[in-house]
Amino acid sequence: MTHEFGIGSTAHVRHGSNAGQPLTRRDGMLKVAGTARYAGDNHPEGMLYAVMVESNIARGRVTSFDLTAAKAHPGVVEVMTPKNRPSLAADPDLRPNPFMMRLDVLQNDRVRYARQPIAVVIAETLEAATEGAALLAPRYDVEQPRLNLDSTESFVPKVIRVMSPPEDGIGDIEAGFAAGVTHIDATYETPDHYHNPMEPHAVVASWDGDRLSIDMSTQNPTFTHAQVAYMFGLPTENIQIRSPWVGGGFGGKGMLASPTVLGILAARLVDRPVKLVLRRDQMYGSVGHRAPTRQRLRLSADDEGKLTALDHQTLTATSSFDEFIEPAGDASHVLYASPAMSITHRAVRVDMGTPVFMRAPGEAPGSAALESAMDELAWASRIDPLDFRLRNYSETEPLHHKPFSSKELRECYRQGAERFGWSRRPLEPRRMRNDNGFLVGWGMGTATFPAITFQAAARAKILSNGTGVVEISSADMGQGSFTALAQIAADSLGLDIEQLEFHAGKSDLPDGGIEGASAHTATAGSAIAFAGDDAIGKLAELATGDENSPLFGAGNTGVIARAGRLYRRDDENRSESYADIMARAGTTMIEGNGTCGPNPAAKSFSMHSHGAVFAEVTVDPDLGQVRVTRLVGAFAAGRVINPRLVRSQYYGGMIWGISFALHEEAIVDRRTGMIINADLAEYRIPVNADVPSIEAILIEEHDPYVNALGTKGVGEIGITGTVGAIANAIWHATGVRVRRFPIRIEDIILPHGQVSSMERPQSNTL
Ligand code: MOS
């Protein structure tokens, strides 16, 4: 049975396509009208409110609480501490698989980081729970915390990211470095970052005997489902998780977090439904963050501007009790050709919460350093930075000499540069001013992000009234995934998108996979496309085997599914509607199933999205204030399902890049380990006034290997390249090279050593 939407052909169907159209978000009205019901909006009968009490020391032991005062407060129902916490079936200090982090769920009196949950107050109202939490007044035995990259000995971790090796390389790095005529040996620093999605972690849990019903905010309902079952020792069929909408995740909601388990435990303890929603400041402790990095880059080039060595050494931090190693060296694996490469990671253990995936983990800080270093080496070689990158362009993945499944990076460079006007850029810094006399600088960076597919399943149904239904467990976390996935489904089912219902965000639906690693559209989309193919295949069998159908006997030539009808492929005058086929067969519903998994072709090909980002900044020569005035990004990420949404993803990623370059930094109190700026007023992120004209150019790319849809991820690539582009533009404006992010006024206007005792690169005065 073949038809136009068959496996392998799906990528190239254009006629009558929903995919490719710039549709607006299906859920847009629900969101702007405030009718989308997020986890914390739920309020089951008899529900109580839980508030976490968190440590305000980084290391030590809780010695006492004022339980009497807290319990005496009107409305307080119960206080949960390690002494009365209901038991768990699994040890929260074990880590059964790489996608489950160690948890802090009141297992004992140890404090391992500031803002670790140490008790939970449960009350009739949020106010009473909050007041009860304040009255609990914990006392501690305090130990000296280790809080920065210099506080302990570093070690080589077993794995970085999820399961990549910490060290990799080719050639003789020292010989390569010695062979170069220009050299860079520079150290770049990036700070702790926190995710800060608009919606904080939230859980509403209700027990009914040994059945558990949960509303929560998660990037991965099915996996969370399995993890909750494991922690509580319940069969998965006893647990129902609903997560239809997620107000941003950024990686912070990818794995089961301690507060979620505490909310469920609290409901168990009081045998009533309980809601636990984190306050904004509680988002700066137990639910992950991006660890700081210190990256040493040693690069050298020969007299033709070709790299002779690329040495990328990362030092980062993980918690005292678990390991997540920010894989900053990853960016260097895949971009530039060098006969000698060395990529290493070391980590130190600090008394902070365990880091986790966040907005291009690895590639974001890694490409910030690499792209800055490439710019520095280009200047040392007196070669235009774009030309310098083209000279070091690699047709294959440089570290393992694996061919790319596709790589339209040259086209990204060409179209981005042309749109930006790059050819008019003077090589020397401090050569451009605007009408106000401000210094103007232009910089660029290369963008890259892996194109992955995960495990997922989907169901697609055709109903006898000619409409379709898609079922998948994953949520829409704001990026418009339901819209893109519905477009894929509509094409696969041969239906108008308006004829399609989307059932999602529930753990009892087919596993939509993790919504992360920029892989969701490719992963869930492939499963949906195959499910639709399966349903159409079954429908076609009914028609082609039925003497009374105009399609009878078309089994060998195949049919085309379009706008609710099947057409004979060799004679489109012969067709029949889905409704008629199903009515005659006496069936009311046809169900198709599809799955997606890791792509076996990834063994033979290196699969990545690529891009190039060009930035313009102005710098006030008196005050050192930086403004990003223009950003142009050109990105190639396979087939574009929805250009409006894809552009919007690129804009978002590039704004993260502005944030990384100029704004974001969590400031750790060196005495207590608390984040001092744990709120959205002081944890700076770009506001509208910080975001200039942004353009994202969509470069066409045909990738026959990456997956059946031919589509690659667009969610995170925008932050890569952008950070370096802005840092390089600041250098080009001022002649000052700042190697510590975020780049601040004082770094630009003051010479070395005047601002703080932190190690700081040499810089010039304006
Ligand atoms: Mo993302 S950091 O893969 O949710």
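These numbers come from a predicted model, not from an experiment. (Residues numbered from 1 in each chain as written. Predicted model: local features only at pLDDT ≥ 70, side-chain atom pairs only at ≥ 80, totals over all residues. Heavy atoms only, no water.)

**Describing the overall build of the protein chain**
Scanning the protein chain for helices and strands turns up 16 helices and 29 strands. Its C-alpha radius of gyration of 27 Å places the protein chain within 12% of the 27 Å reference for a compact globule of 766 residues. Here the C-alpha coordinates of the protein chain stretch approximately 85 × 75 × 50 Å along the principal axes. Here the protein chain holds 766 residues, and the buried ones make up 62% of them. Restricting the contact set of the protein chain to residue pairs at least 6 apart, pairs at least 24 apart contribute 80%. Here the protein chain holds 73 positive side-chain charges and 91 negative ones, and the gap between their average locations is 2 Å. (Helix = DSSP H or I, 4+ residues; strand = E, 2+ residues; numbered from the N terminus. Rg over C-alpha atoms; globule rule 2.2 N^0.38 Å. Buried < 20%, exposed > 50% of the residue type's maximum accessible area, 1.4 Å probe, protein only. Contact = heavy atoms within 4.5 Å. Lys, Arg positive; Asp, Glu negative; His and termini not counted. Charge placed at Lys NZ, Arg CZ, Asp CG, Glu CD.)

**A few points about the packing of aromatic side chains**
For the structure on display, the rule yields 17 aromatic pairs. Ring plane angle 20 degrees and centroid distance 6.0 Å describe the contact between tyrosine 113 and phenylalanine 321, whose orientation is recorded as stacked. Of the two residues, tyrosine 113 is situated in the loop between β4 (110-111) and β5 (117-123) and phenylalanine 321 in the loop between β14 (307-319) and α7 (330-334); the sequence distance between them amounts to 208 residues. Comparing tyrosine 113 with phenylalanine 321 shows no difference in burial state: the two are buried. One aromatic cluster in this structure is built from Phe420, Trp422, Trp442 and Phe614. (Phe/Tyr/Trp six-rings, centres within 6.5 Å; stacked < 30°, edge-to-face > 60°.)

**Examining the packing of helix α12 (residues 520-544) against helix α13 (residues 578-585)**
The geometry of α12 relative to α13 is characterised by a closest axis approach of 10 Å and an angle of 65 degrees between their N-to-C directions. Between α12 and α13 lies a crossing whose hand is left-handed. For the pair α12 and α13, contact is made by Ile536, Leu539, Leu542 and Ala543 and by Tyr578, Ile581, Met582 and Ala585, respectively. Broken down by class, the residue content of the contact of α12 with α13 amounts to 8 nonpolar, no polar and no charged. (Axes fitted to C-alpha atoms, helices over the stretch in contact; angles between N-to-C directions. Left-handed = near helix turned anticlockwise from the far one by under 90°. Nonpolar A, V, L, I, M, F, W, Y, C, P; charged D, E, K, R; others polar.)

**Observations concerning helix α6 (residues 258-270)**
Between its terminal C-alpha atoms α6 stretches 19 Å, which fits the 18 Å expected from 13 residues at 1.5 Å a residue. Counting buried residues along α6, 11 of its 13 residues qualify, which places the element largely inside the surrounding structure. With its phi angle positive at about 55 degrees, aspartate 271 sits one or two positions after the end of α6. (Expected span 1.5 Å × (residues − 1).)

**Digging into the nonpolar core**
Within the largest apolar cluster, 54 residues are counted, with the highest numbers of intra-cluster contacts made by Val120, Leu212, Ile214, Phe232, Leu262 and Ile264. Of all the elements, α6 adds the most residues to this core, at 7 residues. The residues contacting valine 120, other than those within four sequence positions of it, are Ala50, Val51, Met52, Glu78, Val79, Met80, Leu262, Ala266 and Leu276. Core analysis: the next-biggest nonpolar cluster, separate from the first, contains 45 residues, Ala490, Phe502, Ala531 and Ile536 among them. (Core = buried A, V, L, I, M, F, W, Y, C linked by side-chain atoms within 4.5 Å.)

**Here's the deal with the side chain of histidine 610**
Within the element layout of this structure, histidine 610 appears in strand β27 (residues 608-619). With residues near it in sequence (within four places) discarded, histidine 610 still touches Phe404, Ser406, Lys407, Leu409, Cys412, Ala447, Thr448, Ala634, Phe635, Ala636 and Ile717.

**Description of the sheet that holds strand β22 (residues 500-504)**
Taken in spatial order, the 4 strands make up an open sheet running β22-β21-β20-β26, and their pairing is mixed. The open sheet terminates on both sides in strands that have one partner only, identified here as β22 and β26 (589-596). Direction aside, neighbouring strands of the sheet carry axes that sit 20 degrees apart on average. Sheet topology note: the strand β20 (residues 456-463)/β26 ladder contains 8 bridges and is antiparallel. Across the sheet, leucine 463 pairs through a bridge with methionine 589, a residue of β26. The strands touched by helix α11 (residues 481-493) are β20, β21 (468-472) and β22; relative to β22, the strand with the most contacts, the crossing angle is about 130 degrees. (Pairing = 2+ DSSP bridges.)

**Topic: the packing of helix α14 (residues 643-663) against helix α15 (residues 722-734)**
Angle between the axes and distance between the axes are the two parameters that describe a pair of packed helices. Where α14 contacts α15, the two axes come as close as 8 Å, and the packing angle between them is 50 degrees. Looking at the two axes, α14 sits oblique to α15. For the pair α14 and α15, the sense of crossing is right-handed. The segment α14 lies against α15, with Met654, Gly657, Ile658, Phe660, Ala661 and Leu662 engaging Thr722, Val723, Ile726 and Ile730. (Parallel < 35°, antiparallel > 145°, perpendicular 65-115°, else oblique.)

**Details of the confidence of the model for the protein chain**
Taken over all residues, the pLDDT of the protein chain has a mean of 94, while the share at 70 or more is 96%. Ranking the elements of the protein chain by mean pLDDT puts helix α1 (residues 28-32) last, at 91, and β5 first, at 99. Every residue in residues 1-16 is under pLDDT 50, and counting partners more than four places away or in other chains gives 46 contacts. This stretch, residues 751-765, has a pLDDT under 50; its non-local contacts, to residues over four places away or in other chains, come to 30 contacts. (pLDDT = per-residue confidence, 0-100.)

**Quick look at the sheet that holds β4**
Backbone-to-backbone hydrogen bonds pair the strands of a sheet. The strands run either parallel or antiparallel. The 3 strands lie next to each other as β4-β2-β6, forming an open sheet whose pairing is antiparallel. Of all strands in the sheet, those bounded by a partner on one side alone are β4 and β6 (139-142). In terms of strand pairing, strand β2 (residues 60-64) meets β6 through 4 bridges, oriented antiparallel. The residue bridging glycine 60 from the neighbouring strand is valine 142, located in β6.

**Brief notes about the pairing of strand β11 (residues 239-242)**
Judged by which residues are buried, β11 turns out to be one-sided: Ile239 and Ile241 face inward and are buried, whereas Gln240 and Arg242, on the alternate face, are not. Bridging between strand β10 (residues 211-216) and β11 involves 4 bridges; their strand directions are parallel. Paired with aspartate 215 across the two strands is arginine 242, which belongs to β11. Remark: the β10/helix α5 (residues 221-232)/β11 crossover connection has right-handed handedness. (Right-handed = clockwise from strand over helix to strand, strands pointing away.)

**Observations concerning α13**
Count 3.6 residues to each turn of an α-helix, and residues three or four apart come out pointing the same way. Taken as a whole, α13 has its buried residues at Tyr578, Ile581 and Met582. End-on view of α13: buried residues confined to an arc of 90 degrees, all on one side of the axis. Immediately downstream of α13, the backbone of glycine 586 shows phi near 70 degrees, a positive value. (Arc of directions from axis to C-beta.)

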